[in-house]
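Fold and geometry: a report
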Amino acid sequence: MAILEVQHVSKSFGHTEVLKDISFSLDKGKVLSLIGSSGSGKTTLLRCLNFLERPDGGVIRVNGETLFDAGDRATMKEGEIRRKRLHFGLVFQSFNLFPQYTALQNVMLAKELLEKEKTDYKARKKEIHKQIEAEAGNLLDQMGLSDRMDNYPHQLSGGQCQRVAIARALAMKPDILCFDEPTSALDPELTGEVLKVIKGLADQETTMIIVTHEMAFARDVSSQVIFMDGGRIMEQGTPAEVFENPKEERTKQFLSRFTNQ
C-alpha cells in the first residue's frame, strides 16, 4: 500500500522551471533513491515534500491524507504547515546541529518544543522530559553514540554529527525519513559509517527517500530508483531495471561513469 503519493508536482523559481510534472508513489517500509546530476531537481523535490518550499502545482498525499493540493496553496497557515511537516523527517547534508547543545539535547529539542504546545505540558513537565530524554538516549545508542551523548557538535566527527542528525529526525517518528546527500559533506573514511546506519534502517523497514550520488549504495539499499534530469523523472523502476537495464539514453549516459564502481 502506498504511504506516499506525489501527483503532477511542479515548482519554479522565477522563470526557471525546476520541477516538471513529478509523479510517483512509495510503499510503506520501502526505500526510494533519487539519483541524477546536480541541478536536476532532487533536493528541491525533497524540500517540497517537507514544505520548506511550496510547490506551484500538483498533489501530495501521505497515508491517504492530502497534505498539499495546488488549489489550497494560498490558504495554508504556518501552523498547518508545521503539522504537515511532521510526516517527514529530513536529514541535511550539512548536519544543521545546534552548536550550543549536546548531542542528546539536539535530539530532544524538537520533541520538547512540540510537547510544550500541548495543554497538559506544565502539569506533566518532568515526566515528559524524562520520557523524551530516554527515547533520545535510545536513538543515540542505536546510532552507536551512547558514549557521545554529552559531547557538543564541535567535539564530534562529521560522521558522528550526521548520526546525531539522523537520531534527531527519527525522534519525531516521521512516516517518511528523507536524506539529502547524507554523505556529501563527509571525508571518504567517514562515509561508510553513515551508510551503514542507513542500511540498518532499511533492514528495519523504515520508509525512506534518499538523494544520493553513491550509486553502489543506491543500487544495494533501494526498493525503487528514480533518475531525474532537468527537473523531470526520466526513468524509474527497481534497482535492477534502472542500473542494469536502463531504457532511456540519458540514463545510460549518466550511469556510464559509474560502471567501474
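Residue indices begin from 1 for each chain and proceed along its sequence in written order. Local features in this predicted model are restricted to residues of pLDDT 70 or higher, and side-chain atom pairs are both shown and tallied only at a pLDDT of 80 or more, whereas totals for entire chains, interfaces and linings draw on every residue. Calculation of side-chain values draws on the structure's entire complement of heavy atoms; hydrogens and water are dropped beforehand.

Let us now look at the sheet that holds strand 9 (residues 224–229). Think of a sheet as strands paired side by side through backbone hydrogen bonds, with each pair either parallel or antiparallel. One bridge is not enough; two strands pair if DSSP finds at least two bridges between them. Where helices and strands are cited, they refer to DSSP runs of H or I of at least four residues and of E of at least two residues respectively, numbered from the N terminus. Across the sheet, 6 strands lie side by side as 6-7-8-3-9-10; this open sheet has mixed pairing. This sheet does not close on itself; its edge strands, each paired only once, are strand 6 (88–91) and strand 10 (232–237). On average, each strand axis in the sheet is tilted by 20° relative to the strand beside it, whichever way the strands run. When checking whether two residues touch, look at their non-hydrogen atoms; a contact exists if any pair is within 4.5 Å. Interaxial angle, 0 to 180 degrees, is taken between N-to-C directions of lines fitted to C-alpha atoms, where a helix line uses only the stretch in contact. Strands strand 3 (31–35), strand 9 and strand 10 of the sheet are contacted by helix 9 (residues 249–256), whose axis makes an angle of about 100° with strand 9.

Pairing of aromatic side chains here covers Phe, Tyr and the six-membered ring of Trp, requires ring centres within 6.5 Å, and sorts the geometry by plane angle: under 30 degrees stacked, over 60 edge-to-face, intermediate tilted. Under the definition given, this model contains 2 aromatic pairs. Each ring, one from phenylalanine 98 and one from tyrosine 101, has its centre 6.0 Å from the other, and the planes form 75°; the classification is edge-to-face. Judged by its relative accessible area of 38%, phenylalanine 98 is partly exposed. Exposure categories follow from relative accessible area, calculated using a 1.4 Å probe and restricted to protein chains: below 20% of the type maximum is buried, above 50% is exposed, and the middle band is partly exposed. A residue is classified by how much of its surface remains accessible, and tyrosine 101, at 28% relative accessible area, is partly exposed. Between the aromatic rings of phenylalanine 227 and phenylalanine 254, the centroid separation amounts to 5.1 Å while the plane-to-plane angle is 35°, which identifies the pairing as tilted. Taken together, the positions of phenylalanine 227 in strand 9 and phenylalanine 254 in helix 9 put the pair 27 residues apart, joining distant regions of the chain. Phenylalanine 254 shares its class with phenylalanine 227; the two are buried.

So, on to the pairing of strand 7 (residues 176–180). Burial analysis of strand 7 places 5 of its 5 residues in the buried class, the great majority of the element. A two-sided burial pattern is seen for strand 7, the buried positions comprising Ile176, Cys178 and Asp180 on one face and Leu177 and Phe179 on the other. Bridging between strand 6 and strand 7 involves 4 bridges; their strand directions are parallel. Among the inter-strand pairings, phenylalanine 88 is bridged to a residue of strand 7, identified as isoleucine 176. By the bridge criterion, 4 bridges tie strand 7 to strand 8 (residues 208–211) in an arrangement that is parallel. By the bridge assignment for strand 8, cysteine 178 is matched with isoleucine 209.

Ordered by their spatial adjacency, 4 strands build an open sheet running 2-1-4-5, and the pairing between neighbours is antiparallel. Of all the strands in the sheet, just strand 2 (16–27) and strand 5 (65–69) have a single pairing partner and so form its edges. Ignoring strand direction, the axes of neighbouring strands in this sheet form an average angle of 15°. Pairing analysis gives 4 bridges linking strand 4 (residues 57–62) to strand 5, with the strands arranged antiparallel. Directly across from arginine 61, in strand 5, lies its bridge partner threonine 66. Lying over the sheet, helix 1 (residues 42–49) contacts strand 1 (2–13), strand 2 and strand 4, oriented at roughly 65° with respect to strand 2.

So, about the nonpolar core. Nonpolar core, defined: a set of buried Ala, Val, Leu, Ile, Met, Phe, Trp, Tyr and Cys residues in which side-chain atoms within 4.5 Å join the residues together. Leu140, Ile166, Phe179 and Met208 are the most contacted members of the largest nonpolar core, which has 40 residues in total. Of all elements in the fold, only helix 3 (103–116), helix 4 (125–142), helix 5 (158–171), strand 7, helix 6 (188–203), strand 8 and helix 7 (215–221) reach the threshold of two or more residues within this core. Considering each element in turn, this core owes the most residues, 8 residues, to helix 5. In contact with isoleucine 166, not counting residues within four places along its chain, are Val91, Met143, Phe179, Val194, Val197, Ile198 and Leu201. Counting residues in each nonpolar core, the second largest holds 28 residues, with Cys48, Leu49, Val62 and Ile176 among its members.

Turning next to the packing of helix 5 against helix 6. Running from amino to carboxyl end, helix 5 crosses helix 6 at an angle of 20°, the nearest separation of the two axes being 8 Å. Between helix 5 and helix 6, the angle is such that the two are roughly parallel. Both helix 5 and helix 6 take part in a crossing whose hand is right-handed. Note on element contacts: helix 6 touches helix 5 through Leu190, Glu193, Val194, Val197, Ile198 and Leu201, opposite Gly158, Gly159, Gln160, Gln162, Arg163, Ile166 and Leu170. Classification convention: Asp, Glu, Lys, Arg as charged; Ala, Val, Leu, Ile, Met, Phe, Trp, Tyr, Cys, Pro as nonpolar; all other residues, Gly among them, as polar. When its residues are assigned to classes, the contact of helix 5 with helix 6 shows 7 nonpolar, 4 polar and 2 charged. Each angle gets one of four labels, with under 35 degrees taken as roughly parallel, over 145 as roughly antiparallel, 65 to 115 as roughly perpendicular, and the rest as oblique. When the near helix sits turned anticlockwise from the far one by under a right angle, the crossing is termed left-handed; a clockwise turn instead gives a right-handed crossing.

The analysis is restricted to geometry; functional conclusions fall outside its scope.
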